[in-house]
Amino acid sequence: MSVRVRFAPSNTGFLHMGNTRTALFNYLFARNQGGTFVLRIEDTDQARSEERFADAIVEALEWLGMSPDEGPYRQMDRADRYVETVAELLEKGAAYKCFCTPEELEAMREKAAAEGRKPKYDGTWRDRTDHPEGEPYVVRIKMPQEGSITVDDLVQGSVTVDVEELDDFIIQRSDGTPTYNFVVVVDDVDMEITHVIRGADHLNNTFRQVPVYEALGATTPAFAHLPLIDGLSKRKGSASVQDYRDAGFLPEAVMNYLSRLGWSHGDQEIFSPQELCDLFGFDSVGRSPSSFDEDKFRWVNTEWMKRLEPAELATRWVPFLKNAGFEVEVDETLVAIVELMRERAATLVELTEESRYFFTDEFEYDEKAVKKWIKEGGRPVVEELIQRLEKLDTWDADSVGGVYKSLGKDREVGMAKMAQPTRISLTGSTSSPSVFDLVATFSKDEALRRLRRGLADLF
RNA sequence: GUCCCGUUCGUCUAGUCAGGUCCAGGACACCGGCCUUUCACGCCGGCGACACGGGUUCGAAUCCCGUACGGGACGCCA
């Protein structure tokens, strides 16, 4: 039987990094096994579900290159199926109507808490047949009453819970809508899911769900409960995929970094999406929680900034430049700028900031730099530099470099005395790539224009 | 409170399933140096961990038990 997995987020918010990791592991397992990756939106929370979040989730997965093979399925579309299934279970005697009020249940929980017991429904209506007419009721599933339930989890190993810990939970609310622990099973059965891969916060739910599979006459799928990621609070990682995209992170880096939260392959740190698909397996997934480290994520991103083809990176960079007010297209010059600048930036946003001076000559001269490097006595050298550059026929880094070197030799001046004023004139500060590359990346006209302007402004 | 899970450098982790090759390896971050026309990159080096206590064993990061700490679950949320 071929592998079918599903990612089943609720559309009550954007796709944050924790959920993204879950989606990723589902995706990777599906790809590794030649299986099918299904997306199912759990939109039964009438109060909090929003359509825009469903759209955002699909969009985020698409950006990551992890679009589902099937779906998105919507639970709301399947309402009839749930009602029908509940009726069947009622008919079979696998479930029953419970007429307890929320208040009575609350009292039950309080009493249990006061006595130090686990709060659970006491089964009052499990065997009663004296159903009051016209009163609201919920439907509960009958849990086994003795023994234990064992789940052989692909990540957590064999985990056993005594059925004493479980109670007859509600599968249909008094308003007729089904609850999560029920629909998730019905859906997974109907969609023929073979492997349920989700966060470890669902491990306990699994023990409730197993009897539902049995009541439905279905076999249970394999389970893989992934350790949770700590500290996904506002600043760290609860930011959405779109937030990171807008901050200039690359999808390859998101996949790479997230994969390493819980999974590893020896000492290797950098994995392409394809490698991830090839190497992923639950044998290498740990059981302990990890925490999201923005610093390391940034480092992984810098690695991907360096690994992509320059032209490809340039293409992805364009929207950021546009956002900064620079309307440019991918051309030779832009690609050259990418090659020159990319290892100096961790994100596309930083790349934009670091590269501003290539797109505008409106910048302030850095005061300290000017003070240190612009001296009255240095003027003649810069003047001669400009003269010699003007005569240059071939405008590339080698030729430009030749001019600096020969001038330095002829006038017995160190490189810094020519390079630093050049940097300040062209970029406003002394922080830049090699001057030869810098000068050559500008057009000859623009480089000379800025040098002359600098001569006038600075000396 | 009850049940479930976890615990190797600050962080992600290798090693744990098949105990010795681990006075514990890699990566991020941090610190120092080198390279050098600045900054960055790169390179080299440093700092830094087997939660604690018992047990098994010739030998334990690795196996067993307990304790502590952390997380999760206990909803007519998903």
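The structure displayed is predicted, hence computed values, not measured ones. (Residues numbered from 1 in each chain as written. Chains lettered and ligands numbered in written order. Predicted model: local features only at pLDDT ≥ 70, side-chain atom pairs only at ≥ 80, totals over all residues. Heavy atoms only, no water.)

Draft legend 1. Seen up close, the pairing of strand β6 (residues 148–153). Burial along β6 is one-sided: I149, V151 and D153 are buried, and none of S148, T150 and D152, which face the opposite way, are. Alignment of β6 against strand β7 (residues 157–162), held across six bridges, turns out to be antiparallel. Counted as the bridge partner of V151 is V159 from β7. Between β6 and β7, which pair antiparallel and follow one another directly, the connecting turn spans three residues. (Buried < 20%, exposed > 50% of the residue type's maximum accessible area, 1.4 Å probe, protein only. Helix = DSSP H or I, 4+ residues; strand = E, 2+ residues; numbered from the N terminus. Pairing = 2+ DSSP bridges.)

Draft legend 2. Here's a closer look at helix α8 (residues 251–259). In terms of residue burial, α8 counts as a mostly covered element, since nine of its nine residues are buried. Among all positions of α8, only P251, E252, A253, V254, M255, N256, Y257, L258 and S259 are buried.

Draft legend 3. Local environment of the domain arrangement of chain A. According to the domain assignment, chain A contains domain 1 (81–172) and domain 2 (361–458). Relative to domain 2, the C-alpha centre of domain 1 lies at a distance of 79 Å. (Domains from an automatic or database assignment.)

Draft legend 4. Examining the packing of aromatic side chains more closely. As enumerated under the stated definition, the model contains 23 aromatic pairs in all. With a centroid separation of 5.0 Å and 80° between ring planes, the pair formed by F14 and F53 is classed as edge-to-face. Of this pair, F14 sits in the loop between β1 (4–7) and α1 (17–33) while F53 sits in helix α2 (residues 51–64); the two residues are 39 residues apart in sequence, bridging distant segments of the chain. The structure contains a cluster of three or more aromatic residues connected by ring pairs, namely F25, F29, W263, F271, F280 and F282. (Phe/Tyr/Trp six-rings, centres within 6.5 Å; stacked < 30°, edge-to-face > 60°.)

Draft legend 5. Representation of the protein's contact with RNA strand B in the model. Lining the immediate environment of RNA strand B, one finds 62 residues, of which G262, R344, R423, T430 and S432 sit closest. Within 4 Å of the protein, the contacting atoms of RNA strand B are drawn from sugar and phosphate to the extent of 67%. Between a phosphate oxygen of RNA strand B and a side-chain N or O atom of R287, the distance comes to 3.5 Å. At 3.3 Å from a sugar or linking oxygen of RNA strand B is found a main-chain nitrogen or oxygen belonging to E343. Within the residue set of the surface near RNA strand B, elements represented by two or more residues are α4 (102–114), β7, α5 (180–190), α6 (203–215), β12 (290–291), α10 (294–307), α18 (415–427) and α19 (435–441). Of all the elements, α18 adds the most residues to the surface near RNA strand B, at five residues. The residue makeup of the surface near RNA strand B, split by class, is 21 nonpolar, 22 polar and 19 charged. (Near = heavy atom within 4 Å. Polar contact = N/O pair within 3.5 Å; in protein donor to acceptor, adjacent residues only side chain to side chain. Nonpolar A, V, L, I, M, F, W, Y, C, P; charged D, E, K, R; others polar.)

Draft legend 6. Spotlight on the sheet that holds strand β8 (residues 170–172). The three strands lie next to each other as β4-β5-β8, forming an open sheet whose pairing is antiparallel. Either end of the sheet is taken by a strand with one partner, and the two such strands are β4 (95–98) and β8. Direction aside, the axes of adjacent strands within the sheet are offset by 45° on average. Summarising the sheet, strand β5 (residues 138–141) and β8 pair through two bridges and their orientation is antiparallel. (Axes fitted to C-alpha atoms, helices over the stretch in contact; angles between N-to-C directions.)

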